[in-house]
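In case you want the letters, here they are:
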Amino acid sequence: MFFSIIIPAYNASETIGYTLDSIAKQEFIDYEVIIVNDGSTDNGQTLRICEVFKSIHKNIDVKIINKENGGLCSARNAGILKAQGQVFIFLDSDDLLPENILKIYYDYFTLYNADIIQGKLLNFDNKKQWKSASYEKVITNTHILDYNNEDDIKIFSLCISPCVRAYKADFIKQNEIKFLDGCMMTEDHYFSNLLISKKPNILMLNRYVYLYRRDRADQSTNTWKSSYLNDLFNVQDQLKNFILPQCAKNYYERFLTYDFLKRVLNPMEKFSKTEITEYTPMVLKILSCIPQQYKDQFLPKAVAEATDEKALCKALVKRKNQQNLKSISCFIYFKKTMPYFKKIKNNFISSVNYMYKKICKGKARRAFVVFLYNTFSTLIPMKKNKVTFAIRPSGKLYFLNEIKQELLKNKHIAVKTLLAKNSGFFEDVRIMYHLARSKVIILDGHYWYLFEIKPRKGQEVIQSWHAAGVLKKFGLDMFNVNSNEYLEHKKHHTSYTYSMVSCDDAVKAYMSAFDLKENQILKFGNIISDRIMKNKKTQEQAMLELGLDYQKKLVLYAPTFRESYGKFTNIGTYKPAFDFDKIKKELGDEYILACRIHPNYKKCDLPEDFINLSSYDESLVLNATEILITDYSSIVFSFLHFQKPIILYPYDLPIYMGQRNTYNDYEDTPGFIVFNQEDLASSIKDAHRLYTKENLQRDWNRYMQYCDGQTAVRMVNFIKNLIKENNVK
């Protein structure tokens, strides 16, 4: 038995049928269902529904435990004692399992050495589903949790439900982990922190593993009982003995600013002074379990500093009176009229933007934004610790994220992400203000607002340029020197003071492409290579995360874009450059054929069953790839890390040489070159005989020589030195 699905049930007749149905629809069948009827008082209706389900689904091992009412924790503990599976899943009687989640859990437990898999949840009601902000914030990719990573350990405070995980039974039993009997409120805080204190190996899974119902008025999260104060105390009294030190700040911030606020402070606003006096002793006991440093940080001063019942009662009554002031008529009137003021404001902004777009467009707008930058630079001092990421379109942040995250570790650096929104007068003013105020501006690719901008004194503009190695020509090198196109395009690159490369071979190319000197070229590496080295997975793990059969081989076709004479507006729609169905038929079932389309293509015309992996992280896709097919894309250099076969398919090489061309002879590009579909199919089959790891390692050393996973660190150290030099001056 692989899974034991444990369901506590109390008066759950309205919903448990749906819960059980979500289990019965799972494709994976090696599981048992343990339903703990916790003394339901609905005339046996909950029990009858469970018995009917068991009689209908004879192929499912259903165990029903009847016990006296002891609460949620008691019921779950009873289920644990009865469970025989290798993995435990807790499912509440009003929630659902997503489609095929048991098979997904099984595959990940098979490929990862994990004691626990922590996934994400989706909220739902009878009309819609929606994401949970806390889970989305913490779980952004699939990886083994690092207890020393500040971002990872936030999961212990933000994603605390025991139902959004699957647990190895041996780990639970060997560490004697169970729920706190008799507790109804914040019982998940106790269980999760007890679990974490044993330092399990946790896989953070970027998948939705649980559907959480949010449309029941009688849910415990929607009511208040005085017994909840006892629960909060019992949990905090126990938790202080085993909470991990590195988790304490995040946890107490969550508890005090959310749970304590919701279960104690906010309800007190509706109580009489007599009731507050009655409950104050228990509130004081709860607070006595919490370290003073966190109370000082996350609670109102008077509440945090109260050391006896009299002082705490006074603080709670004062807070109640202050909150009640907000309910008087003038505040209510102001609140009701706010939408009208917002509407007037929005109409004013729309009118100004409409006139601005009519009057100021084309060259006039360009001249105006340059005027704004120069004016702000003259009137407003530069913020000497401000680093701005100039992003347009928003997807470009993907290539800069590692640098941004590394910068955020430095509290003395002010980091601004400047995402260009809809154009207009106020937007142009906002962007030029932030650009003028920045000490360092970092971008990837062209950024319209820097067109013809000459950086103010002391300001640095770093063009990170996402491409690794050196292959197709770019920047100014796409045009004849001193041609009209060259001179116009040069205005895009006027502002750069530095650019970054992954190897010595690329230095001269970047110098000519961006009109820079050699001392302006930073030999730091490549951000995509950082991501590849840090997000290490086996090929099977990566395939699983992409939703592909990990027992097959992935052949990835990743061509670059084609444009009309360097004009990015004429890129058009992407269409595969070979007969997909014919290639697929020749390869057979051993291979999976997929593509990754360049983001410059806005539209794709793909065969119906052509797998498109363009929306997935590049490092993940390359990790899964067995054979790469490309042409002039820099993805070829990133893929060298894996020392797997590369096939070059430059079917239009004569045209491309006349249109854009490459810096080196194309024959020097890593990989085996084919020019037609017949050779492409045969080379895929023979791919492992067409390359040597020694040659690929040689090419890696040549084109990726500065790529060691520390690109972002080097860039941030460089930026810190720029800021330090400025401050010294």
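In this text, all values refer to a predicted model and were calculated from it rather than measured experimentally.

This brings us to the packing of helix α16 (residues 363-379) against helix α18 (residues 425-437). Packed helix pairs are specified by the crossing angle of their axes together with the interaxial distance, meaning the distance between the axes. Put simply, α16 and α18 touch, their axes get as near as 9 Å, and they point 45° apart. With respect to each other, α16 and α18 are oriented oblique. Crossing geometry of α16 relative to α18 is assigned as right-handed. Each of R365, F368, V369, L372, Y373, F376 and S377 in α16 lies in contact with α18, whose residues at this interface are F425, D428, V429, M432, Y433, L435 and A436. Along the lines of polarity and charge, the residues of the contact of α16 with α18 split into 11 nonpolar, one polar and two charged.

This part takes up the nonpolar core. Residues F3, I5, I23, V33, F156 and F260 are the most contacted members of the largest nonpolar core, which totals 118 residues. Looking at this core, the element that brings in the most residues is helix α10 (residues 245-268), giving 10 residues. Setting aside residues no more than four positions away along its own chain, I5 makes contact with I23, Y31, E32, V33, I34, I89, L91, L97 and L102.

A separate point is the pairing of strand β8 (residues 165-168). Looking along a regular strand, one sees side chains alternate from face to face of the sheet. Where strand β4 (residues 87-90) meets β8, three bridges bridge the pair, whose relative direction is antiparallel. Of the residues in β8, the one forming a bridge with I89 is A166. Where strand β5 (residues 116-124) and β8 come together, three bridges link them in antiparallel fashion. Counterpart to I117 in the pairing with β8 is A166.

An order of β11-β10-β12-β13-β14-β15 is seen for the six strands of this open sheet, with the pairing classed as parallel. In this open sheet, the two strands that pair with only one neighbour each are β11 (414-419) and β15 (521-523). Adjacent strand axes in the sheet meet at a mean angle of 25° when their direction is disregarded. With four bridges joining them, strand β10 (residues 383-391) and strand β12 (residues 438-443) adopt parallel strand pairing.

Now for the environment of I23. Inspection of the secondary structure assignment puts I23 in helix α1 (residues 16-24). Residues I23 and E99, spaced 76 residues apart in sequence, show a C-alpha to C-alpha distance of 8.6 Å. Excluding its chain neighbours within four sequence positions, the residues that come into contact with I23 are I5, I7, Y31, V33, L91 and L97.

Our focus in this paragraph is the packing of aromatic side chains. Throughout the structure, instances matching the rule amount to 49 aromatic pairs. Relative to F578, the ring of Y557 has its centre 5.0 Å away and its plane inclined at 65°; by these criteria the two rings are edge-to-face. Of this pair, Y557 sits in strand β16 (residues 553-557) while F578 sits in the loop between β17 (573-574) and α23 (580-587); the two residues are 21 residues apart in sequence, bridging distant segments of the chain. Under the relative-accessibility criterion, F578 is labelled buried at 8%.

Residues V87 and I89 of β4 are buried on one face, and the alternating residues F88 and F90, pointing to the opposite face, are buried as well. In this sheet, β4 lies alongside strand β1 (residues 3-9) in parallel orientation, the contact comprising four bridges. Directly across from S4, in β4, lies its bridge partner F88.

Here V470 is to be found in the loop between β13 (460-463) and α19 (484-490). In this structure the C-alpha to C-alpha distance between V470 and T669, which are 199 residues apart in sequence, comes to 9.2 Å. Those residues in contact with V470 that sit more than four places away from it in its chain are D505, A506, A509, F637, Y663, N664 and Y703.

If charged atoms from side chains of opposite charge come close, those side chains can pair. A full pass over the atoms with the stated rule returns 29 salt bridges. Of the charged contacts, one joins R702 and D505 as a salt bridge, the two residues approaching to 2.6 Å between their closest N and O atoms. In this pair, R702 sits in helix α28 (residues 693-703) while D505 sits in the loop between β14 (498-501) and α20 (507-514), placing the two residues 197 residues apart along the sequence. Connected via shared salt-bridge partners are E32, D61 and K63.

The next subject is the environment of N385. Following the sequence through the fold, N385 ends up in strand β10. Each C-alpha atom of the pair N385 and M500 lies 21 Å from the other, and the pair is 115 residues apart in sequence.

Judged by how many residues are buried, helix α21 (residues 527-534) sits mostly within the fold: seven of eight residues are covered. For α21, the full list of buried residues reads I527, I528, S529, D530, R531, I532 and M533. The distance from a side-chain oxygen at the start of α21 to the backbone nitrogen of I528 is 3.0 Å, and the residue carrying that oxygen is N526.

Take helix α11 (residues 273-288) next. For α11, with 16 residues, the first-to-last C-alpha span of 22 Å sits near the 22 Å given by 1.5 Å per residue. In α11, a bend of some 40° at T280 exceeds every other bend along the element, and P281, a proline, comes one to four places later. Listed in full, the buried residues belonging to α11 are I276, Y279, T280, M282, V283, L284, I286 and L287.

Another point: the sheet that holds strand β18 (residues 591-595). The strand order across the open sheet formed by six strands is β20-β18-β16-β21-β22-β23, and the pairing between neighbours is parallel. Because the sheet does not close on itself, it has two edges, and the strands there are β20 (611-612) and β23 (672-673). Here β16 pairs with strand β21 (residues 625-630) via four bridges, running parallel. By the bridge assignment for β21, Y557 is matched with I629.

Checked against the element boundaries, Q26 lands in the loop between α1 and β2 (31-38). At a separation of 3.3 Å, a polar atom in the side chain of Q26 contacts the main-chain amide nitrogen of N100. Residue contacts for Q26: discarding those within four places in its chain leaves L97, P98, E99, N100, I101 and L102.

This part covers the confidence of the model for the protein. Confidence along the protein averages 91 in pLDDT terms, with 95% of residues attaining 70 or more. Under a pLDDT of 50 for its full length, residues 565-570 has, in the predicted model, 10 contacts with residues more than four places off or in other chains.

Looking at the secondary structure, you find S74 in helix α3 (residues 72-82). When its relative accessible area of 18% is taken as the criterion, S74 is described as buried. Among the polar contacts made by the side chain of S74, one reaches the side chain of K67 at a distance of 3.0 Å.

What counts and how
Residues numbered from 1 in each chain as written. Predicted model: local features only at pLDDT ≥ 70, side-chain atom pairs only at ≥ 80, totals over all residues. Heavy atoms only, no water. Axes fitted to C-alpha atoms, helices over the stretch in contact; angles between N-to-C directions. Helix = DSSP H or I, 4+ residues; strand = E, 2+ residues; numbered from the N terminus. Parallel < 35°, antiparallel > 145°, perpendicular 65-115°, else oblique. Left-handed = near helix turned anticlockwise from the far one by under 90°. Contact = heavy atoms within 4.5 Å. Nonpolar A, V, L, I, M, F, W, Y, C, P; charged D, E, K, R; others polar. Core = buried A, V, L, I, M, F, W, Y, C linked by side-chain atoms within 4.5 Å. Buried < 20%, exposed > 50% of the residue type's maximum accessible area, 1.4 Å probe, protein only. Pairing = 2+ DSSP bridges. Phe/Tyr/Trp six-rings, centres within 6.5 Å; stacked < 30°, edge-to-face > 60°. Salt bridge = Lys/Arg side-chain N within 4 Å of Asp/Glu carboxyl O. Polar contact = N/O pair within 3.5 Å; in protein donor to acceptor, adjacent residues only side chain to side chain. Expected span 1.5 Å × (residues − 1). Bend = angle between axes of the 7 residues up to and from the residue. pLDDT = per-residue confidence, 0-100.

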